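Residues per chain, in single letters:
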Amino acid sequence: MEISEVKRGMHVIIDGEMYKVVDFLHVKPGKGAAYMNTRIKNVRTGATIERNFNTNYKIEEARIDRTNVQYLYNDGSTYYFMDNQSYEQVEIPAEKIGEDKVYMIENNNYDMASYNGSLLGITVPEKLEMTVTSIDPASMSSSSSKPTKDAIMETGLVVKIPVFINEGEKIIVTTVDGKYYSRA
């Protein structure tokens, strides 16, 4: 496939290593050839690098197996999921969940990604419904035209929300940046 066809979250093979595309930008400088600026994360080592590719560069997409799983609970070091097809319990180390742990809500469904039988991790949806469990009244900021306050979600994630949202309400949060999107 062409490098211009990559999308955020896609897994690709570069120089024999698997990478996850974190971000990309098509750059057309005033002089010279256009190129694709990418930020990619090595799946094996976890290192994130920036790399530029010529726009006619061919890249191999990794064929990822996806399984729908339900998040059950965690004990701090291990997250437990249930395969929705076979009902088998799957244990995933907390390191594989990484920063997405703030989006793990009990009984929600997620996609588990694996490559050649090796677990890559859990894919969270772009938008997620979460419950506001507490609000910090001291965090009110009215310096902008849209006043906000800090809210703690059921998973511990802190989100700046509009002042009209109350404790116990459900909101939609974007998992790309962890920001308030809308009411649920």
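Source: prediction; values computed, not measured. (Residues numbered from 1 in each chain as written. Predicted model: local features only at pLDDT ≥ 70, side-chain atom pairs only at ≥ 80, totals over all residues. Heavy atoms only, no water.)

1. A short note on the overall build of the protein chain
Then comes step 1: For the protein chain, the helix and strand inventory stands at one helix and 15 strands.
Then comes step 2: Dimensions of the protein chain, computed from C-alpha atoms along their principal axes, come out at roughly 50 × 50 × 25 Å.
Then comes step 3: Taking all 184 residues of the protein chain together, the buried fraction comes to 34%.
Then comes step 4: Across the protein chain, the fraction of contacts at a sequence separation of at least 24, relative to all contacts at a separation of at least 6, is 40%.
Then comes step 5: With the model as given, the accessible surface of the protein chain reaches about 11,000 Å², and the carbon-plus-sulfur share is 46%.
Then comes step 6: Of the charged side chains in the protein chain, 21 are positive and 26 negative, and the gap between their average positions amounts to 9 Å. (Helix = DSSP H or I, 4+ residues; strand = E, 2+ residues; numbered from the N terminus. Buried < 20%, exposed > 50% of the residue type's maximum accessible area, 1.4 Å probe, protein only. Contact = heavy atoms within 4.5 Å. Areas by Shrake-Rupley, 256 points an atom, 1.4 Å probe, with all protein chains shown as cover. Lys, Arg positive; Asp, Glu negative; His and termini not counted. Charge placed at Lys NZ, Arg CZ, Asp CG, Glu CD.)

2. Observations regarding the pairing of strand E2 (residues 17-27)
Along a regular strand, successive side chains alternate from one face of the sheet to the other.
Then comes step 1: The sheet contact formed by strand E1 (residues 11-14) and E2 spans four bridges and is antiparallel. Bridging across to E2, Ile-13 finds its partner in Met-18.
Then comes step 2: Remark: two residues form the turn of the hairpin made by E1 and E2, two consecutive strands paired antiparallel; Asp-15 in that turn has positive phi of roughly 50°.
Then comes step 3: In terms of strand pairing, E2 meets strand E3 (residues 35-42) through eight bridges, oriented antiparallel. Note that in E3 the partner of Lys-20 across the bridge is Lys-41. (Pairing = 2+ DSSP bridges.)

3. So, the environment of Met-1
Then comes step 1: Position of Met-1 relative to the elements: it lies in the segment before E1.
Then comes step 2: Given the relative accessible area of 28%, Met-1 is considered partly exposed.
Then comes step 3: Separated by 48 residues in the primary sequence, Met-1 and Ile-49 have C-alpha atoms spaced 21 Å apart.
Then comes step 4: If near-sequence neighbours (up to four positions away) are discounted, Met-1 is found in contact with Val-6, Met-10, Tyr-57, Lys-58, Ile-59 and Glu-61.

4. Points about the packing of aromatic side chains
Then comes step 1: The full count for this structure, using the stated rule, is four aromatic pairs.
Then comes step 2: Geometrically, the ring pair formed by Phe-53 and Tyr-57 is tilted, given 4.8 Å between the ring centres and 40° between the ring planes.
Then comes step 3: Judged by its relative accessible area of 3%, Phe-53 falls in the buried class.
Then comes step 4: With a relative accessible area of 27%, Tyr-57 lands in the partly exposed category. (Phe/Tyr/Trp six-rings, centres within 6.5 Å; stacked < 30°, edge-to-face > 60°.)

5. Thoughts on the sheet that holds strand E5 (residues 60-61)
Then comes step 1: Strands sit in the order E4-E3-E2-E1-E5 across an open sheet of five strands; the sheet is antiparallel. Both outer strands of the open sheet, strand E4 (48-54) and E5, are each paired with one neighbouring strand and no more.

6. Considering the nonpolar core
Then comes step 1: By size, the foremost hydrophobic cluster in this structure holds 25 residues, and its most contacted members are Phe-81, Met-104, Tyr-110, Ile-122 and Met-153.
Then comes step 2: Elements represented by at least two residues in this core include exactly strand E6 (65-74), strand E7 (78-83), strand E8 (89-93), strand E9 (109-115), strand E11 (127-141), strand E12 (148-153), strand E13 (158-162) and strand E14 (170-174).
Then comes step 3: The contacts of Met-153, once residues within four sequence positions are left out, are Met-130, Thr-131, Val-132, Thr-133, Val-159 and Ile-171. (Core = buried A, V, L, I, M, F, W, Y, C linked by side-chain atoms within 4.5 Å.)

7. So, the pattern of salt bridges
Then comes step 1: Taken as a whole, this structure holds six salt bridges when the rule is applied.
Then comes step 2: In this structure, Arg-8 engages Asp-23 in a salt bridge whose closest nitrogen and oxygen atoms are separated by 2.7 Å. You can see Arg-8 sitting in the segment before E1 and its partner Asp-23 sitting in strand E2, a full 15 residues away along the chain. (Salt bridge = Lys/Arg side-chain N within 4 Å of Asp/Glu carboxyl O.)

8. Description of the pairing of E12
Then comes step 1: Counted residue by residue, E12 has five buried out of six residues, so it is predominantly covered.
Then comes step 2: One ladder, built from five bridges, connects E12 with E13; its direction is antiparallel. If you follow Ala-151 over to E13, its bridge partner there is Val-159.
Then comes step 3: In this antiparallel pair of consecutive strands, E12 and E13, the connection spans four residues, and Gly-156 shows a positive phi of 100°.

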